[in-house]
Amino acid sequence: MQRRELLTALTAAVGSALLPGSFAAAEQIPAANHSAKETVTGIGGFFFRANDPKALEQWYQEHLGISVIPKSNNDSPWTQQAGPTAFAPFPENTKYFGDPAKQWMINFRVGDLDKMAAQLEAAGITVKVDPTTYPNGRFARIHDPEGNPIELWQPMHAVTVK
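Rules of the game
Residues numbered from 1 in each chain as written. Predicted model: local features only at pLDDT ≥ 70, side-chain atom pairs only at ≥ 80, totals over all residues. Heavy atoms only, no water. Helix = DSSP H or I, 4+ residues; strand = E, 2+ residues; numbered from the N terminus. Buried < 20%, exposed > 50% of the residue type's maximum accessible area, 1.4 Å probe, protein only. Contact = heavy atoms within 4.5 Å. Areas by Shrake-Rupley, 256 points an atom, 1.4 Å probe, with all protein chains shown as cover. Polar contact = N/O pair within 3.5 Å; in protein donor to acceptor, adjacent residues only side chain to side chain. 1 Å grid on protein atoms, 1.4 Å probe; cavity = no way out; pocket = protein on both sides within 12 Å on 5 of 7 lines; lining within 4 Å. Points joined across faces, edges and corners; volume = space filled by probe spheres on them. Nonpolar A, V, L, I, M, F, W, Y, C, P; charged D, E, K, R; others polar. Expected span 1.5 Å × (residues − 1). Arc of directions from axis to C-beta.

K.L.:
Residues and numbers for the overall build of the chain, please.
P.N.:
The helix and strand inventory of the chain stands at 4 helices and 4 strands. If you list the helices and strands of the chain from N to C, you get α-α-α-β-α-β-β-β. For the chain, the residues scored as buried account for 31% of the 162 residues in total. Taking the contacts inside the chain whose residues are at least 6 apart along the sequence as the reference set, 58% of them involve residues at least 24 apart. Summed over its atoms, the accessible surface of the chain is roughly 11,600 Å², and 56% of this surface lies on carbon and sulfur atoms.

K.L.:
Any details on the side chain of Q154? Residues and values, ideally.
P.N.:
Position of Q154 among the secondary structure elements: in strand 4 (residues 149-155). Judged by its relative accessible area of 3%, Q154 is buried. Of note is the side chain of Q154, whose polar atom sits 2.7 Å from the backbone nitrogen of L113.

K.L.:
Go over the layout of surface pockets, please, and point to the residues and values.
P.N.:
A volume near 350 Å³ is recorded for the second largest pocket. Surrounding the second largest pocket, T39, V40, T41, G42, I43, Q80, Q81, A82, G83, T85, F87 and R109 form its lining. The class makeup of the residues in the lining of the second largest pocket is 4 nonpolar, 7 polar and 1 charged.

K.L.:
Residue-level account of helix 3 (residues 53-64), with values.
P.N.:
With 12 residues, helix 3 ought to run about 16 Å at 1.5 Å a step, and its terminal C-alpha atoms sit 16 Å apart, in line with that. Along helix 3, the positions that sit buried rather than exposed are L56, W59, Y60, H63 and L64. For helix 3, the arc enclosing every buried residue in end-on projection is 95 degrees, short of the 170-degree limit, so these residues lie on one face. Residues of helix 3 that are exposed and angled more than 90 degrees away from the buried face: K54 and E62. Considering only its buried residues, helix 3 is in contact with strand 1 (106-109), helix 4 (113-122), strand 3 (137-143) and strand 4. Looking at the residues trailing helix 3, positive phi occurs at G65, about 75 degrees.

Take a look at the structure:
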């Protein structure tokens, strides 16, 4: 399943789960005689190797507003807004990430893709905005200084008609 199809399905599932009396919401309520199965509540961290971790920390902080692990009691960790998260293994030979040597790609939700793209371009970062608006939103692609692919996603509920 392509990433955009997966995100479309995810968006539809999240939306239907929020509708009162919906089939999806009814399925999520455990039966009275069964214990609820414990599940994870979200992504608690994203760890990866880097050639220059300190420079990459600074880049993510400066350009995307992501704080790294706090180094003291006075530092605050990055807290993301609640929202849908796609989790999808891809085939080893996928071309979706670009460079076949890259083993991961992260997708960050944004509130205003055009504003984020302009901000990044003003900082000298190449942004490739997909001109298509999909049923689940809009997308753009950037790369960090080490060439790791980053997808920016403005979910459909945040898309404004221009």
